[in-house]
Amino acid sequence: MKTIENVKLMKKVLVNELTQLHHVNAFGDSNELEQMRLQSWIIDLTYIEKFGLTCDNDSEVSFWFNDDCWTPLCDYEESFRDFEEHEQLLRYAAWLNM
């Protein structure tokens, strides 16, 4: 089970993703479904943040929160961890070059 800090971090990542998502993708197709999906995840995460439990036990967010199975949210979480690791390596490299 994830902690509230994990929930806040995931919410922050998804809000950032939503604000950067263009209305159309590279193929000229609408990203409306992706926007709605991100918004629904953010709403579910906000509910967990406020009340400490999931509102829908069959949602992708509840599966992610309870570590029950793979969901697309795991991709966001893994990408964020990879980015943090890469960022830390760059900091070490810059420190060693000083």
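Definitions and cut-offs
- Counting starts from 1 at the beginning of each chain's written sequence and moves along it residue by residue.
- The predicted origin of the model limits local features to residues at a pLDDT of at least 70 and limits the giving and counting of side-chain atom pairs to 80 or more, whereas totals for whole chains, interfaces and linings rest on all residues.
- Side-chain numbers come from the whole structure's heavy atoms, not from hydrogens or water.
- Only DSSP runs of H or I covering at least 4 residues are called helices, and only runs of E covering at least 2 are called strands; the numbering of each starts at the N terminus.
- When checking whether two residues touch, look at their non-hydrogen atoms; a contact exists if any pair is within 4.5 Å.
- In this scheme Phe, Tyr and Trp rings, the latter by its six-membered ring, pair at centre separations within 6.5 Å, and the angle between planes marks the pair as stacked below 30 degrees, edge-to-face above 60, and tilted otherwise.
- For the exposure calls, accessible area comes from a 1.4 Å probe over protein chains only, and a residue counts as buried if that area is under 20% of its type's maximum, exposed if over 50%, partly exposed in between.
- Salt bridges are identified by distance alone: a Lys or Arg side-chain nitrogen within 4 Å of an Asp or Glu carboxyl oxygen.

A.B. asks: Is there a simple way to think about the environment of Val7 in this case?
C.D. replies: Inspection of the secondary structure puts Val7 in helix H1 (residues 4–20). Each C-alpha atom, one on Val7 and one on Glu77, is 10 Å from the other, the two residues being 70 residues apart in sequence. Not counting residues within four places of it along the chain, the set of residues in contact with Val7 comprises Leu45, Ile48, Glu49, Trp64 and Phe65.

A.B. asks: Just to check I follow, could you spell out the packing of aromatic side chains for this structure?
C.D. replies: Where two aromatic rings form a pair, the distance of their centres and the angle of their planes describe that pair. For the structure shown, the criterion picks out one aromatic pair. Ring geometry for Tyr47 versus Phe51: centroids 4.7 Å apart, planes at 45°, classification tilted. In this pair, Tyr47 and Phe51 both sit in helix H2 (residues 32–51), four residues apart, roughly one turn of the helix. A residue is classified by how much of its surface remains accessible, and Phe51, at 54% relative accessible area, is exposed.

A.B. asks: Sorry if this is basic, but what is going on with the pattern of salt bridges here?
C.D. replies: Side chains that carry opposite charge are capable of pairing whenever their charged atoms lie near each other. Taken as a whole, this structure holds three salt bridges when the rule is applied. The partner of Lys11 in a salt bridge is Glu49, and the shortest N-O contact between them spans 3.0 Å. In this pair, Lys11 is assigned in helix H1 and Glu49 in helix H2, connecting sequence segments 38 residues apart. Its relative accessible area of 26% is what places Glu49 among the partly exposed residues. Where Arg37 meets Glu60, a salt bridge forms, and the shortest distance between an N and an O atom there is 2.6 Å. You can see Arg37 sitting in helix H2 and its partner Glu60 sitting in helix H3 (residues 60–65), a full 23 residues away along the chain. On the accessibility criterion, Arg37 (32% relative accessible area) is partly exposed.

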